[in-house]
Amino acid sequence: MAKNDRAHFGSKLGVILASAGSAVGLGNIWRFPYETGNHGGAAFILIYLGCVVLLGLPIMIAEFLIGRHSRANTARAFQILAPSTQWRWVGRMGVLAGLLILSYYSVVAGWTLEYITEAVTNGFAGKSPADFIASFQSFSSNPWKPIFWLIIFLLATHYIIVRGVEKGIEKSSKIMMPMLFIIILILVACSVTLPGAEKGIEFLLKPDFSKVDGSVFLGAMGQAFFSLSLGMGCLCTYASYFGKDTNLTKTALSVGVIDTLVAILAGFIIFPAAFSVGIQPDAGPSLIFITLPNVFQQAFSGMPVLAYLFSVMFYVLLAVAALTSTISLHEVVTAYLHEEFHLTRGKAARLVTGCCIFFGIFCSLSLGVTKEYTLFGLSMFDLFDFTTAKIMLPLGGMCISIFTGWHLNKSIVWEEISNNGSLKTPFYKLLIFILKFIAPIAIAFIFIHELGLL
Ligand code: PFF
């Protein structure tokens, strides 16, 4: 495809909302609260903020400038910027990571649709805590239902992708992101006004540094990468659709602020509600599917209408957040197949959706009927999660920062950051220093720790 024909976002707001849509997802509303719950509340949040500013934003800017300069899918981008070198494998690894993450992420995204149906039909009313555990276990191990929702979720993602960058991704983000903010604000307002909510607010605002150890730092860094969609060229692909006048630093800042704000506000929905009914919110991954429906029923026990609305809105919020992330994952792989193998966009998208349904079915079954079949002691779902989030993303992030800090011609970096000299670049030197030294060393640290070598 000629450079000039390349699809692009139509507005600056579209650029920010689509990129923020990729970042805001299950990572913010599901993973961030339970990580915060497990790691001592406010102290974890402060360290997380440090990781976002010091590592997340510089790497996001690096992904943006690689994508916009090359105006190509993430695999081709490295080939264009470093021809005939092995750097092209960084982009290819990103595409593979996108395919694998989309396959298992859509399984959990599909669960949100079951929970919306359950909430809409008032299925949570009158259930005991034990009932919530039993119904989650029977649902997630059922061979058919989760697969049905997985397929529906992937088809919804597919529908947006085939409409293209401007009419599909940008337009849907402009509808879904404001909807997400409105739902979040309503839910926060309800949650913080519950009787006894103060303890949850205190947990989020008063740091307890006695709980801080090495694992908290490492957990916060890993969370920052996953949550900001870094390390696999996702934002690099989106940046290839940015206009020449997009301010990359400002866009990264906006995406970082929106993503962090949504994560913290999700904490303000979950913790005050949980503390108000005396439930400790450190339940781990099952927090939003087992603990929370129970919390909502108890917290609004005298007000069944509020309990109903709160539950419906919460799971709609989760599904919308997941959808804006799955479209970004799908786009990484679709753009690659479309541009590298000269398939039409529709054909490329069908291939990606088909592959993800195929892998997704195995991931879903691996939590139920095929639980006994494991590799390295992990089910297929856990294996996909482990290899992508714990190996491929940190490795990709490290390679991207080394590539931009050491290999890439600095005139390209400066040209992209300053929009050819038209913007001031007060942080340019600091950015290069972080990309050269701080980020690669810090990520190497997470990586080694996650693999249990430290
Ligand atoms: N950032 C998304 C979330 O927080 O749920 C997950 C994600 C999307 C990770 C896209 C990586 C990615 F490329």
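Please refer to the structure placed before this passage.
Residues numbered from 1 in each chain as written. Predicted model: local features only at pLDDT ≥ 70, side-chain atom pairs only at ≥ 80, totals over all residues. Heavy atoms only, no water.

(A) Structural context of empty space enclosed by the protein. Applying the stated criterion to the full structure yields three cavities of 30 Å³ or more. Estimated volume of the largest cavity: approximately 150 Å³. Along the wall of the largest cavity there are 18 residues; nearest its centre are S22, I101, F226, S229 and L329. Only α1 (12–23), α2 (26–38), α5 (88–120), α10 (214–227) and α14 (304–340) provide two or more residues apiece to the lining of the largest cavity. When its residues are assigned to classes, the lining of the largest cavity shows eleven nonpolar, seven polar and no charged. (1 Å grid on protein atoms, 1.4 Å probe; cavity = no way out; pocket = protein on both sides within 12 Å on 5 of 7 lines; lining within 4 Å. Points joined across faces, edges and corners; volume = space filled by probe spheres on them. Helix = DSSP H or I, 4+ residues; strand = E, 2+ residues; numbered from the N terminus. Nonpolar A, V, L, I, M, F, W, Y, C, P; charged D, E, K, R; others polar.)

(B) Just the packing of aromatic side chains, in detail. Within the structure shown, the criterion is met by 34 aromatic pairs. Ring centres 5.6 Å apart and planes at 80° place the aromatic pair F9 and Y238 in the edge-to-face group. Of this pair, F9 sits in the segment before α1 while Y238 sits in helix α11 (residues 234–239); the two residues are 229 residues apart in sequence, bridging distant segments of the chain. Considered together, F9 and Y238 belong to a single accessibility category, that of buried residues. Between F289 and Y315, the ring centres sit 6.4 Å apart and the planes meet at 25°, which makes this aromatic pair stacked. Taken together, the positions of F289 in the loop between α12 (248–276) and α13 (291–299) and Y315 in helix α14 put the pair 26 residues apart, joining distant regions of the chain. Residue classification places F289 among the buried residues on the basis of a relative accessible area of 1%. (Phe/Tyr/Trp six-rings, centres within 6.5 Å; stacked < 30°, edge-to-face > 60°. Buried < 20%, exposed > 50% of the residue type's maximum accessible area, 1.4 Å probe, protein only.)

(C) Representation of the state of the cysteines within the structure. On inspection of all chains with the given rule, the structure shows zero disulfides. Looking at C399, it has no disulfide partner, and the nearest cysteine sulfur is the one in C236, 13 Å off. (Disulfide = S-S within 2.5 Å.)

(D) Broad picture of the pattern of salt bridges. Using the criterion set out here, one finds nine salt bridges in the structure. With a shortest N-O distance of 2.9 Å, R76 and E340 are connected by a salt bridge. Remark: E340 occurs in helix α14 and R76 occurs in helix α4 (residues 74–81); sequence separation between them is 264 residues. Residue classification places E340 among the partly exposed positions, given a relative accessible area of 21%. Two residues, E331 and R345, come together in a salt bridge whose shortest N-O distance is 2.6 Å. (Salt bridge = Lys/Arg side-chain N within 4 Å of Asp/Glu carboxyl O.)

(E) Expanded view of a nonpolar patch on the surface. Nonpolar side chains collect at one region of the surface, where L54, W406, F427, L430, F433, F437, I438 and I441 lie side by side and expose about 820 Å² of accessible area between them. Considering each element in turn, the nonpolar patch owes the most residues, five residues, to helix α18 (residues 428–450). Along the chain, W406 turns up in helix α16 (residues 380–407). For W406, a relative accessible area of 48% gives the class partly exposed. (Patch = residues over 30% accessible without salt bridge, like charges linked within 9 Å, V, L, I, M, F, W, Y side chains within 5 Å. Areas by Shrake-Rupley, 256 points an atom, 1.4 Å probe, with all protein chains shown as cover.)

(F) Quick peek at the packing of α5 against helix α15 (residues 345–365). The geometry of α5 relative to α15 is characterised by a closest axis approach of 8 Å and an angle of 55° between their N-to-C directions. Here α5 lies oblique to α15, going by the angle between them. Crossing angle aside, the handedness with which α5 passes α15 is right-handed. Facing α5, whose interface residues are L99, L102, S103, Y104 and V107, α15 presents V352, C355, C356, F359, G360, C363 and S364. Classifying every residue of the contact of α5 with α15 by side-chain character gives nine nonpolar, three polar and no charged. (Axes fitted to C-alpha atoms, helices over the stretch in contact; angles between N-to-C directions. Parallel < 35°, antiparallel > 145°, perpendicular 65-115°, else oblique. Left-handed = near helix turned anticlockwise from the far one by under 90°. Contact = heavy atoms within 4.5 Å.)

(G) The arrangement of the site of the ligand in detail. Not every one of the 15 residues close to the ligand is listed here, only the nearest: A23, G27, Y105, F226 and M232. A distance of 2.5 Å separates an oxygen atom of the ligand from a polar side-chain atom of Y105. Within the contact set of the ligand, a nitrogen atom lies 3.1 Å away from a backbone nitrogen or oxygen of S227. Comparing atom positions with the cavity grids shows the ligand to sit within the largest cavity. Those elements that place two or more of their residues in the shell around the ligand are α1, α2, α10 and α14. Grouping the amino acids of the shell around the ligand by side-chain chemistry returns seven nonpolar, eight polar and no charged. (Near = heavy atom within 4 Å. Polar contact = N/O pair within 3.5 Å; in protein donor to acceptor, adjacent residues only side chain to side chain. Sits in = over half its atoms within 2 Å of the grid points.)

(H) The arrangement of α5 in detail. Taking 1.5 Å per residue as the helical rise, α5 with its 33 residues ought to reach 48 Å, and the 47 Å between its terminal C-alpha atoms agrees with that figure. In the structure, α5 departs most strongly from a straight axis at S106, where the bend amounts to approximately 25°. Along α5, 25 of the 33 residues are buried, which leaves the element largely enclosed by surrounding structure. A positive backbone phi angle near 60° is found at N122, which sits one or two residues after α5. (Expected span 1.5 Å × (residues − 1). Bend = angle between axes of the 7 residues up to and from the residue.)

(I) Representation of the side chain of S325. Tracing the backbone through its elements, the reader meets S325 in helix α14. Discounting chain neighbours no more than four positions away, the residues touching S325 are G21, S22, V24, G25 and Y105.

The values are spatial; any link to function lies outside them.
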